[in-house]
Amino acid sequence: MNTLAAAEHMLSTGTFYSASELGAELGISAVEASGKLFNIRTSKKYQCDVTPLPNRKIKVVEINGRTISSKSLWNLALFKKPLNKEAA
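Residue numbers run consecutively from 1 along every chain, following the written order of its sequence. Restriction of local features to residues with pLDDT of at least 70 applies here, the model being predicted, together with a cutoff of 80 or more for giving and counting side-chain atom pairs; totals for whole chains, interfaces and linings are based on all residues. Neither water nor hydrogens contribute to the side-chain values; these are computed over all heavy atoms in the structure.

### Some details on helix 2 (residues 19–26)
Worth spelling out the cut-off: The classification of residues rests on relative accessible area computed with a 1.4 Å probe and restricted to protein chains. Under 20% of the type maximum is buried, over 50% is exposed, and intermediate values are partly exposed. The secondary structure listing takes helices from DSSP runs of H or I that are at least 4 residues long and strands from runs of E that are at least 2 residues long, numbered from the N terminus. Working note: the arc is built from the helix axis to C-beta atom directions. Two residues qualify as a contact provided that any one of their heavy atoms is within 4.5 Å of a heavy atom in the partner residue.
Residues of helix 2 that are buried: Leu22, Gly23 and Leu26. The arc enclosing the buried residues of helix 2, seen along the axis, measures out at 100 degrees, which places them on a common side. Where the residues of helix 2 are buried, they touch helix 1 (3–13) and helix 3 (30–42). With its phi angle positive at about 75 degrees, glycine 27 sits one or two positions after the end of helix 2.

As structure tokens, this is what we get:
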């Protein structure tokens, strides 16, 4: 699992993640997830919202200027439909 794949997953869900939450959801260790979150926070490629310490959580808002469409978010919220790759 690379940082981009983790960021894509975070963007598609639209939720805030801690290292332990992201690790559990992606099936990787919390230490590995922490490294991915650090890369996401510090890279110019990703735009994210970050909560303050302690218990910092991160939400990916866009990747290289690409965001999720509102239609995809409604489908996810109302019908639990997965997000389309072209919409994400």
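### What about the pattern of salt bridges?
The condition is simple: Should a side-chain nitrogen of Lys or Arg be within 4 Å of a carboxyl oxygen of Asp or Glu, the pair is scored as a salt bridge.
Applying the stated criterion across every chain, the model contains two salt bridges. The partner of lysine 57 in a salt bridge is glutamate 21, with the nearest N and O atoms 3.0 Å apart. Linking lysine 57 in the loop between strand 1 (46–50) and strand 2 (58–63) with glutamate 21 in helix 2, this pair joins segments that are 36 residues apart in sequence. Here lysine 57 falls in the partly exposed class, since its relative accessible area comes to 29%. On the accessibility criterion, glutamate 21 (32% relative accessible area) is partly exposed.

### Some remarks on the nonpolar core
Here is the rule we go by: Buried Ala, Val, Leu, Ile, Met, Phe, Trp, Tyr and Cys residues that are joined via side-chain atoms within 4.5 Å together make up what is termed a nonpolar core.
Ranked by internal contacts, the top residues of the largest apolar core, which has 17 residues, are Ala7, Met10, Leu22, Ile40, Ile58, Val60 and Ile63. Among the secondary structure elements, those contributing two or more residues to this core are helix 1, helix 2, helix 3, strand 1 and strand 2. At four residues, helix 1 tops the list of elements feeding residues into this core. Excluding anything up to four places from it in sequence, isoleucine 40 contacts Thr3, Ala7, Met10, Tyr46, Cys48, Ile58 and Val60.

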